[in-house]
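One-letter residues, chain by chain:
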Amino acid sequence: MTSRLLQPSLGSPDYDGIRQALREDTSTPVISVRGLEARASVLPLITHDGRQAVRVSVTGLVPAYLEHVLVGVDRAEGADVTLLVPEVSQPQDFTLELRDGEGLIGEAVITVMPQRHWDVFVVHHSHLDIGYTDPQGTVLRHHLDYLDAALRLTEESADWPDDAKFRWTVESSMPALRWLELRPRDLVEAFKERVREGLIEVTALPFQLHTEACSTEELYRQLRFTEELPARSAMHTDVPGAVVGLVDALNSVGVRYLAAAHNWAGRSVPYLHGGDKLTRPFRWRAPSGNELLVWFTDTPHGMAYMEGNTVGLADSFELADDLLPRYLCALAGRGYPYGPGTFGWQGPDAEREPYALDALHLRVQGAHADNAGPSIVPASIVREWNAKWAYPRLRSAINSDFFAHVEERYHDRLAVHEGDWTDWWADGLGSGARPLGYVRRAQSALRAAETLHTLAGADATEPINLAYDKVALFNEHTWGAANPWEDAEEAGDSGGLQWTRKSAGAYDAQDDSADLLQAGMRRFGRRFGGTGFVVVNPGTQRRTDVVRAFLPRDVVPLDEPISLVDERTGERVPHHEEVVHPVDWPTRPIGRHVSAVIRDLPGYGYAFVSIRPGEAVTTSDIEETIENEFYRVVYDVKEGYIRSIFDKAAGRDLVNADAAAGFGQYVYDRYATAPHFNHMSGHVGAHDRTLLGDRAIGRHAAVVKAERTAIGEKLVVELQAKGVDWVRTTIELYDGVPRVDLTYQLAKQGTPAKEAVFLAFPFACAGPPTAWELTGGVGGGPSVPGSAAYMLPIRHWIAFDDPELSVAWATLEAPLVQLGTIHMPYAPFPATLDEEPGTIYSWALNNIWDTNFPTQQQGETTFRYAVTSSSTMKSRVLGPLAASGITDPFLGILATGTAEPSKEGVFATVDHPEVQITSLGRTNEGIVVRLQSLAATEVEVTVGLRGLRSAVVGGTPLEVHEEQVKVRLPACGVAAVWGACEDR
């Protein structure tokens, strides 16, 4: 018995098949006679003495003796030969004869075309998956070993010709930084010397990120290591897309070059969304005007960082000598060098203009795998190649070598593209909804925590940075093993181990952020005496909102009624209490959680709310309709969704009552695809709804709480639904707060079956959204051709601008949305519903991936949303305001000091409504005010900081006038104002 009936895993392309397809696509049958076939290729191979190559390969009934003759020029014996002709400057015909021992077999005319003189930069690196091929710790230790080996290989090739010397690009800086900490001093100095010599390059990103999962501050902080290891270039590997904010972030540390190796893994169709027009390389421009010179890989379906391996550069000179010229020939003749179906997954042919430049960036790894180590083979091939051929000229290069070459020769010829480069893999974020939610809460908490430490006079930079590092490690692109459903102890089947560590990192990051926030609140509270709370607004906009604080029983006994007074006005503030009684919660601090609405609190300001004797608080029951002075919300218990959100000031309903789904409706999709197949989704085509196996909605709603308290009204409803044990919907309206707060809690059942959960939000708007928040930018404008079109990974808010009313929707935990319809999750992602421009579908969770992401998820998971509207504010102001209640909640801090409490104060201000202060920080250099512009054009803003005496932006001193400075921010740009302040 043989294994001929078996097939290789669908997850691995057949390299033999790919290579044979390349041979066939770059050769032409010229002679077919007597059972043999001769194919000829005119290739871009130029000898040092000025001749160019014609290769002939004969298959079939090949005689024992076979001679190839280019009449009057060259001859050679064998089945596969290279014939040389004088280099031509225009097409020229030559006669090819095939002869055996008895004479002429056949002949043909071959037209020899002029060939380019290529410069090929062979960039040797290892793609860092923190996990996937092995448990995370094992992978990282291997990468430290790789740096040991790379250093040795630079010594081994020290006397080789310069173009052939072993060079190594460290794709991600984190292993290099660890290596520098752990290795002896002499090796560290040798490494740094190789960097200075251009033999080793450490690129800017610490690891490969799902950048859309990052907050803006997180993204910038992950580049702080470039102060220790200055970087000229960055690599963005595997992940097929990046946020527009990456352009500004890399520019901020002096990086202008980005090598993107997009691995579409067969599950995306960029060439159907403009990707066929995206030339290589190109200039990626942010709204700020900053640019990156970008290279990306060559196929519509996912060659990624294996371009060089596929053409033999990791194997042998003989294989590279066969395949590399064919690859260059294919690039010169058509846009994509490989035809459709070559990689195992099917799709329409992708037309594209041929590659235009004579310089090429080819990544190569030491083996055909992720996390492969360095090898001397690529450099050896370069040495042998350049000894034999004048062109293509190969150079063993570091990443930035190619970009410097292109920038010098071609910069002004390159296309410029603007906007977000939306990631086709972002749907995988929904496969870990609960830990992702914890991470997103941590991102918000860390900004508030650092601000409080700063205001309390403490430098919390180091612990804040370390917590951000944990957040970023969760946002690193490797979310699971190669086969995540397996639970082995090593290799790609160690799915259980890998996800345990990955998700634990998210929960650890959330705990760190909560610890830092609690510590910051305690520090800040020590600056105030009196009995009461200091209520801090950690957001930029002045607003009225709810605050929640804990009053311990040792401060005020549980049996003593209290009242709250806003010391700014002397007015009583209504409040609501939830008691933590020792009988119910003996394991928790005893006291009462106090909630109150604080009116008109300035951004980065505070008000003192004193605690005084009072009367017992009460609640009362209400019906299914709840309201405040701004909105009336009607819940339809029979149908299981919100029937109406009526804006009283505008006199109109925000809900599209004619939409396919109800507002806030739970929608559960199951797909007729099988789990537990590596890269299965990359081999599934969904050109219609056939694979939508089932769609269900939440039913059997029951009201479990409907109450009126001193601060507003609340409605809690539970539903039964497929995929969950229950869905709990909480709708809250607070007196004086122009916002509807929505909380959804799902008791998720675990299943490996392919599924997705959506929450529908159909708005009665005239058209699609006008703007949405991205990491470091605002969506709604241009995007890089080939970006994902069927979904959006946002930060927190989406806004609609109607002529008379703007509406904003915000999310804390759930960044994935689909606009107007629900799409099938398989390429080419057809819609399953008629388009409704005003509808947002929050893609709360899914398990449609089958490798690199978890294959099932379960447990109680919370998703929070907010809705607001305004006739005076437009999207870029209203959006952040909608999000502020869930991303920047008011902080109620118990006063524990002895100083006389001040009634109110403002720490920092900015006078432009579309510019946000994201946080305040403190180091030995002073206090830093971090700014993020959401404006579509450059703006000049006035920034105020209490006690400001001097200020610097980007090393440039600013003129300080009455504790204020003027700062210019580019469109959607960021700035950090460093100030020296008097502490008062």
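Bear in mind that the values here come from a model prediction, so they are computed numbers and not experimental data. (Residues numbered from 1 in each chain as written. Predicted model: local features only at pLDDT ≥ 70, side-chain atom pairs only at ≥ 80, totals over all residues. Heavy atoms only, no water.)

Here we take up the overall build of the protein. Scanning the protein from N- to C-terminus turns up 14 helices and 56 strands. Among the 984 residues that make up the protein, the fraction classed as buried is 62%. Contacts in the protein between residues at least 24 apart in sequence constitute 74% of all its contacts with a sequence separation of at least 6. Accessible surface for the protein amounts to roughly 36,800 Å². Of this, 48% is attributable to carbon and sulfur atoms. In the protein, which carries 89 positive and 132 negative side-chain charges, the distance between the mean positions of the two groups comes to 3 Å. (Helix = DSSP H or I, 4+ residues; strand = E, 2+ residues; numbered from the N terminus. Buried < 20%, exposed > 50% of the residue type's maximum accessible area, 1.4 Å probe, protein only. Contact = heavy atoms within 4.5 Å. Areas by Shrake-Rupley, 256 points an atom, 1.4 Å probe, with all protein chains shown as cover. Lys, Arg positive; Asp, Glu negative; His and termini not counted. Charge placed at Lys NZ, Arg CZ, Asp CG, Glu CD.)

Inspection of the secondary structure assignment puts Ser 215 in the loop between β11 (200–202) and α5 (216–221). Within the local environment of Ser 215, its side chain forms a polar contact with the backbone nitrogen of Glu 218, the two atoms lying 3.1 Å apart. The contact partners of Ser 215, leaving out residues within four places of it in the chain, are Gln 443, Tyr 468, Thr 775 and Arg 795. (Polar contact = N/O pair within 3.5 Å; in protein donor to acceptor, adjacent residues only side chain to side chain.)

Take the sheet that holds strand β56 (residues 974–981) next. Spatially, β50-β51-β56-β53-β54 is the arrangement adopted by the five strands of the open sheet, whose pairing is antiparallel. Both edges of this open sheet fall to β50 (915–923) and β54 (956–958), since each of them pairs with a single strand only. Ignoring strand direction, the axes of neighbouring strands in this sheet form an average angle of 30°. The sheet contact formed by strand β51 (residues 926–933) and β56 spans six bridges and is antiparallel. Across the sheet, residue Leu 931 finds its bridge partner in β56, namely Ala 975. Strands β50 and β51 of the sheet are contacted by helix α11 (residues 433–455), whose axis makes an angle of about 55° with β50. (Pairing = 2+ DSSP bridges. Axes fitted to C-alpha atoms, helices over the stretch in contact; angles between N-to-C directions.)

Further remarks concern the nonpolar core. Core analysis: the biggest nonpolar cluster contains 170 residues, and Trp 284, Leu 742, Phe 761, Phe 763, Trp 809 and Leu 931 have the highest contact counts within it. Considering each element in turn, this core owes the most residues, 10 residues, to α11. Contacts of Leu 931, omitting those with residues within four sequence positions, involve Val 915, Gln 916, Ile 917, Val 943, Val 967, Leu 969, Gly 973, Val 974, Ala 975 and Val 977. Counting residues in hydrophobic clusters, the runner-up holds 74 residues, among them Leu 43, Ala 164, Ala 320 and Tyr 338. (Core = buried A, V, L, I, M, F, W, Y, C linked by side-chain atoms within 4.5 Å.)

Here we come to unusual backbone geometry. The peptide bond linking Arg 280 to Pro 281 adopts the cis configuration, its omega dihedral lying at -20°. Omega for the peptide link from Ala 827 to Pro 828 comes to 5°, which places this bond in the cis form. Mapped onto the elements of the fold, Pro 828 is located in the loop between β44 (816–819) and β45 (839–846). With phi around 70°, Tyr 132 is a residue other than glycine that occupies positive phi space. Looking at where Tyr 132 falls in the secondary structure, it is placed in the loop between β9 (119–124) and α2 (136–156). You will see that Asp 600, though not glycine, has its phi angle at about 55°, which is positive.

Attention now moves to a negative patch on the surface. A surface patch of negative charge is lined by Glu 486, Asp 487, Glu 489, Glu 490 and Asp 493. Among the secondary structure elements, Asp 487 is positioned in the loop between α12 (461–475) and α13 (495–525). (Patch = residues over 30% accessible without salt bridge, like charges linked within 9 Å, V, L, I, M, F, W, Y side chains within 5 Å. Salt bridge = Lys/Arg side-chain N within 4 Å of Asp/Glu carboxyl O.)

Burial analysis of strand β26 (residues 605–613) places seven of its nine residues in the buried class, the great majority of the element. The pairing of strand β22 (residues 562–566) with β26 spans five bridges and is antiparallel. Within β26, the residue paired with Asp 566 across the bridge is Val 609. Note that β26 and strand β48 (residues 904–906) share three bridges and pair antiparallel. Across the sheet, residue Ala 607 finds its bridge partner in β48, namely Glu 904.

By convention here, two paired aromatic rings are described through the distance between centres and the angle between planes. One pass over the structure, following the stated rule, counts 40 aromatic pairs. Between Phe 282 and Phe 296, the ring centres sit 6.0 Å apart and the planes meet at 70°, which makes this aromatic pair edge-to-face. With a gap of 14 residues between them, Phe 282 in strand β14 (residues 282–285) and Phe 296 in strand β15 (residues 291–296) connect regions that are remote in the sequence. With relative accessibility at 0%, the residue Phe 282 sits in the buried group. (Phe/Tyr/Trp six-rings, centres within 6.5 Å; stacked < 30°, edge-to-face > 60°.)

Moving on to the side chain of Glu 476. Positionally, Glu 476 belongs in the loop between α12 and α13. The exposure class assigned to Glu 476 is buried, which follows from its relative accessible area of 1%. One polar contact links the side chain of Glu 476 to the main-chain amide nitrogen of Thr 478, over a distance of 2.9 Å. Every residue in contact with Glu 476, bar those within four places of it in the chain, is listed here: Leu 128, Asp 129, Ile 130, Phe 207, Gln 208, Leu 209, His 210 and Lys 502.

Here Leu 742 is to be found in strand β37 (residues 740–748). Accessibility expressed as a relative area gives 1% for Leu 742, which makes it buried. When the C-alpha atoms of Leu 742 and Val 867 are compared, they prove to be 8.2 Å apart, with 125 residues separating the residues in sequence.

As a further point, take the environment of Val 967. Position of Val 967 among the secondary structure elements: in strand β55 (residues 964–969). For the pair Val 967 and Val 977, spaced 10 residues apart in sequence, the C-alpha separation works out to 8.3 Å. Once residues within four sequence positions are removed from consideration, Val 967 is found in contact with Leu 931, Val 939, Glu 940, Val 941, Val 943, Val 953, Leu 958, Ala 975 and Val 977.

This part takes up the sheet that holds strand β34 (residues 699–708). Within the open sheet, the 10 strands sit side by side as β27-β34-β35-β36-β37-β46-β43-β42-β39-β40. Their pairing is antiparallel. Each edge of the open sheet carries a strand with a single partner, namely β27 (620–621) and β40 (777–779). Where strand β35 (residues 712–720) meets strand β36 (residues 724–734), eight bridges bridge the pair, whose relative direction is antiparallel. Within β36, the residue paired with Lys 714 across the bridge is Glu 732. In this fold α11 packs onto β43 (806–811) and β46 (859–870), with an angle of close to 50° to the strand it touches most, β46.

If you walk through the whole model with that rule in mind, you get 55 salt bridges. As a salt-bridge pair, Arg 326 and Asp 322 come within 3.1 Å of each other at their nearest N and O atoms. Linking Arg 326 with Asp 322, this pair stays in helix α8 (residues 317–333), spanning four residues, or about one helical turn. The structure contains a network of salt bridges with shared partners spanning Asp 162, Asp 163, Arg 167, Arg 393, Arg 395 and Asp 401.

Next up on the list: the environment of Tyr 668. Looking at where Tyr 668 falls in the secondary structure, it is placed in strand β32 (residues 665–671). Among the residues examined, Tyr 668 registers a relative accessible area of 4% and is labelled buried. Considered as a pair, Tyr 668 and Ser 172 are 496 residues apart in the sequence and their alpha carbons are 39 Å apart. The residues touching Tyr 668, leaving out its near neighbours within four places in the chain, are Asp 694, Arg 695, Ala 696, Lys 722, Gly 723, Glu 755, Ala 756 and Val 757. Here Glu 755 takes part through its side chain, which lies 2.5 Å from a polar atom of the side chain of Tyr 668.

Let us look at helix α14 (residues 875–887). In this model, α14 (13 residues) spans 17 Å end to end at C-alpha, consistent with the 18 Å of a helix rising 1.5 Å per residue. Along α14, 12 of the 13 residues are buried, which leaves the element largely enclosed by surrounding structure. Buried within α14 we find Ser 875, Val 877, Leu 878, Gly 879, Pro 880, Leu 881, Ala 882, Ala 883, Ser 884, Gly 885, Ile 886 and Thr 887. (Expected span 1.5 Å × (residues − 1).)

This part covers the pairing of strand β47 (residues 890–894). Here β47 lies mainly inside the structure; five of its five residues are buried. Bridge count between strand β20 (residues 532–537) and β47: four bridges; the pairing is antiparallel. Directly across from Val 536, in β47, lies its bridge partner Leu 891. Examined bridge by bridge, strand β21 (residues 543–552) and β47 share two bridges and lie parallel to one another. Bridge assignment links Val 547 to a residue of β47, and that residue is Phe 890.

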